Amino acid sequence: MANFLLAVLALLVQVAFSLASTQDATGLFSELVLSNVKVVLKATDGSAITTLIAAYPKPVLANPEIPAGASLDVSTAITKGGEVFKPQQVKLMLKSKSLGLAAYAIGKFKSGSYALSINAAAVEKQIGKLPGEYEVTLLIGDPSAKGIDYVLGTVELRFSAASTALEPAAVVRTAFFQPINNVKPEIHHIFRAPEKRPPAVVSYVFAGLAFLPLIAVLLYVPTIAGVNFKGLTAAPLYSLLFHGGLCSMLLLYVVFWLRLNLAQTLPLAGIWGLFVAGSGYLLLSSLSKQRLKKDQ
Amino acid sequence: MVLSAIISAFSDEYKKSPVRVKVLDAFLIYALATAGVQFAYMMLVGTFPFNAFLAGFLSCVGFFALTVCLRMQVDPANKDFTGISPERAFADYCLANLVLHLVVWNYMG
């Protein structure tokens, strides 16, 4: 009974959590709304040459010419969820159509709306003297909402003849323009050349040659006058244990070379070594006793 | 002429040495021959892999040294080692060889 109630309670808690999380999700990534977007072309004395009302996302600028001292002003009010909102980034980007370089103007917030203004002098300061066609974009970004990228159209920017700014170099870096013609060459890793090895035949021949002395010894030693195996029969059990132990020790070494590592072999060798030592001691002491008895 | 006299005198005297000494001498020559073959191979093809060459060569050299020690201790004509019985010498020889060969196998890789 208690288990059943616990299960129902858990289920209710789960439902509550899921409801809360879905509500949270919709509020997490809301939309920004632009209203009252006004684009004004202002002459040198501040009077408006052209005034255009823009509605996101339709562009309004049809490549008007901005004379040398004039400025492009954009104003807009930004709301989120019905309330006035100040996003982290409000910028006006002028991107040159010829070189791809961009100049930016930061928006200023005043009495509920943002005002952005850019002119030839500001562009000159940022990227150099580059008259020509520019694409105008209103950039609005904030981590709590989807960003807005509002292309307002294109303008023809004219620079004053008296300006002494340099033309932008072909490799000017701005936030927008990342040239790829000065990339350093890729360094390819050079692997160590493997050592020169002799042909396999040579190695096999010498391996065979290395075994020849062993065969020679095994064939020669029994022919020496006086060589016998009487020692084996003198203490048969101990000699069997000792020699068997020695052979298994050597077998352990072979297994060590093929499979094990030293940390595994040393304890085994130590333990088996004790057995070999013990059996060897017994064998040798019985042999020496027999020798001393014979000498007496 | 003198050389053949030396050789025949040496072989006559050598025949009188005990059997154990003769067996050990055979093993000494075996160790030398194996070391010689390894050295010739190394001279021919270079030292790579050096650890394998050293392991093989020094196993022969170490075995040679231990067998020489055993021969010295076992030879009844050698009066320096009367305090050590041949069985004790052989036990030492076995232990030393086991240790040498474990190290050799480990170094060979």
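Residues numbered from 1 in each chain as written. Chains lettered and ligands numbered in written order. Predicted model: local features only at pLDDT ≥ 70, side-chain atom pairs only at ≥ 80, totals over all residues. Heavy atoms only, no water.

Naming follows an unreviewed UniProt entry, where chain B appears as Dolichyl-diphosphooligosaccharide--protein glycosyltransferase subunit DAD1 of Volvox reticuliferus. If you open the UniProt record of chain B and go to Sequence similarities (unreviewed entry), you find "Belongs to the DAD/OST2 family." Taken from UniProt, the Subcellular location (unreviewed entry) comment for chain B reads in full: "Endoplasmic reticulum membrane". (UniProt positions renumbered as here; feature names shortened; annotations may be inferred.)

As recorded in an unreviewed UniProt entry, chain A goes by Ribophorin II and comes from Volvox reticuliferus. The UniProt entry for chain A carries the following text under Sequence similarities (unreviewed entry): "Belongs to the SWP1 family."

1. With respect to the overall build of chain A
Scanning chain A from terminus to terminus reveals six helices and eleven strands. With 296 residues in all, chain A has 31% of them scored as buried. Intrachain contacts of chain A at a sequence separation of at least 6 include 68% that bridge at least 24 residues. Surface exposure of chain A reaches about 19700 Å², of which carbon and sulfur atoms provide 66%. (Helix = DSSP H or I, 4+ residues; strand = E, 2+ residues; numbered from the N terminus. Buried < 20%, exposed > 50% of the residue type's maximum accessible area, 1.4 Å probe, protein only. Contact = heavy atoms within 4.5 Å. Areas by Shrake-Rupley, 256 points an atom, 1.4 Å probe, with all protein chains shown as cover.)

2. Looking at the packing of aromatic side chains
Under the definition given, this model contains 14 aromatic pairs over all chains. With centroids separated by 5.2 Å and ring planes inclined at 75°, the aromatic side chains of Trp257 of chain A and Trp105 of chain B adopt a geometry described as edge-to-face. With one member in each of two chains, Trp257 of chain A in helix H5 (residues 236-258) and Trp105 of chain B in helix H4 (residues 86-108) form a pair that bridges those chains. Overall, the relative accessible area of 40% leaves Trp257 of chain A in the partly exposed class. The interplanar angle of 35° and the centroid separation of 4.6 Å between the aromatic rings of Trp272 of chain A and Phe275 of chain A together place this pair among those described as tilted. (Phe/Tyr/Trp six-rings, centres within 6.5 Å; stacked < 30°, edge-to-face > 60°.)

3. What about the pairing of strand E7 (residues 102-106) of chain A?
Residues and elements named next belong to chain A. Burial of E7 is extensive: four of the five residues sit out of reach of the surface. With five bridges joining them, strand E6 (residues 89-96) and E7 adopt antiparallel strand pairing. Note that in E7 the partner of Lys91 across the bridge is Ile106. Linking E6 to E7, which pair antiparallel, is a turn of five residues; within it Gly100 sits at a positive phi near 80°. (Pairing = 2+ DSSP bridges.)

4. Let's talk about unusual backbone geometry
Residues and elements named next belong to chain A. Of note, the amide linkage connecting Tyr56 to Pro57 takes the cis form, showing an omega dihedral of 5°. Considering the arrangement of structural elements, one finds Pro57 in the loop between strand E2 (48-54) and strand E3 (61-66). The phi torsion at Asn36 lies on the positive side, around 55°, for a residue other than glycine. For Asn36, the position within the fold is in strand E1 (residues 32-42). Phi angles above zero are rare outside glycine, and Ser111 is one such case at about 40°. Summarising the element assignment, Ser111 is placed in the loop between strand E8 (108-110) and strand E9 (113-119).

5. Topic: a nonpolar patch on the surface
A grouping of Val201, Val205, Leu209, Phe211, Leu212, Ile215 and Leu219 of chain A is seen on the molecular surface, where their side chains present a nonpolar patch of about 690 Å² in accessible area. Locating Ile215 of chain A in the fold gives a position in helix H3 (residues 200-220). (Patch = residues over 30% accessible without salt bridge, like charges linked within 9 Å, V, L, I, M, F, W, Y side chains within 5 Å. Salt bridge = Lys/Arg side-chain N within 4 Å of Asp/Glu carboxyl O.)

6. Considerations on the interface of chain A and chain B
On the chain B side, the residues contacting the 32 residues of chain A number 29 residues. Taken over both partners, the interface formed by chain A and chain B buries close to 2700 Å², and the fraction arising from carbon and sulfur atoms is 81%. Counting the surface chain A buries against chain B, the share from its top three residues, Phe206, Tyr253 and Trp257 of chain A, is 22%. Along the contact surface separating chain A from chain B lie one salt bridge. Arg291 of chain A is the salt-bridge partner of Glu87 of chain B, the closest N and O atoms lying 3.1 Å from each other. At the surface where chain A touches chain B, the tally comes to three residue pairs in polar contact (both at pLDDT 80 or more). Mapped by element, the contributors of at least two residues to the side of chain A that touches chain B are H3, H5 and helix H6 (262-295) of chain A. Looking at which element gives the most residues to the side of chain A that touches chain B, the answer is H3 of chain A, with nine residues. Taken together, the residues of the side of chain A that touches chain B break down into 25 nonpolar, four polar and three charged. (Buried area = accessible area lost by both parts, 1.4 Å probe. Polar contact = N/O pair within 3.5 Å; in protein donor to acceptor, adjacent residues only side chain to side chain. Nonpolar A, V, L, I, M, F, W, Y, C, P; charged D, E, K, R; others polar.)

7. A short note on the environment of Ala52 of chain B
All names here are of chain B. Within the secondary structure, Ala52 sits in helix H3 (residues 50-74). A relative accessible area of 26% places Ala52 in the partly exposed class. In this structure, the C-alpha to C-alpha distance between Ala52 and Tyr107, residues 55 residues apart in sequence, is 7.2 Å.

8. Structural notes on the packing of H5 of chain A against H6 of chain A
Residue and element names in this part refer to chain A. It is at 8 Å that the axes of H5 and H6 come closest, and there the two elements cross at 160°. Looking at the two axes, H5 sits roughly antiparallel to H6. Note on packing geometry: the crossing formed by H5 with H6 is left-handed. Within the contact of H5 with H6, the residues separate by chemical class into 15 nonpolar, nine polar and no charged. (Axes fitted to C-alpha atoms, helices over the stretch in contact; angles between N-to-C directions. Parallel < 35°, antiparallel > 145°, perpendicular 65-115°, else oblique. Left-handed = near helix turned anticlockwise from the far one by under 90°.)

9. Some words on the UniProt feature "transmembrane region" (unreviewed entry) in chain B
Residue and element names in this part refer to chain B. UniProt's entry tags residues 23-44, 50-70 and 90-108 with the feature "transmembrane region" (unreviewed entry), counted in the numbering of this structure. The distance separating the terminal C-alpha atoms of residues 50-70 is 30 Å; by composition the span is 100% helix and 0% strand. Annotated as 100% helix and 0% strand, the span residues 90-108 places its first and last C-alpha atoms 26 Å apart.

10. Section: the sheet that holds E7 of chain A
All names here are of chain A. Strand order in the open sheet formed by five strands is E3-E11-E10-E6-E7, with mixed pairing between adjacent strands. The open sheet has two edge strands, E3 and E7, and neither has a second partner. Strand after strand, the sheet turns through a mean of 30° between neighbouring axes, direction not considered. Against the sheet, helix H2 (residues 120-127) touches E6, E7, strand E10 (132-142) and strand E11 (145-157), its axis set at about 120° to E7.

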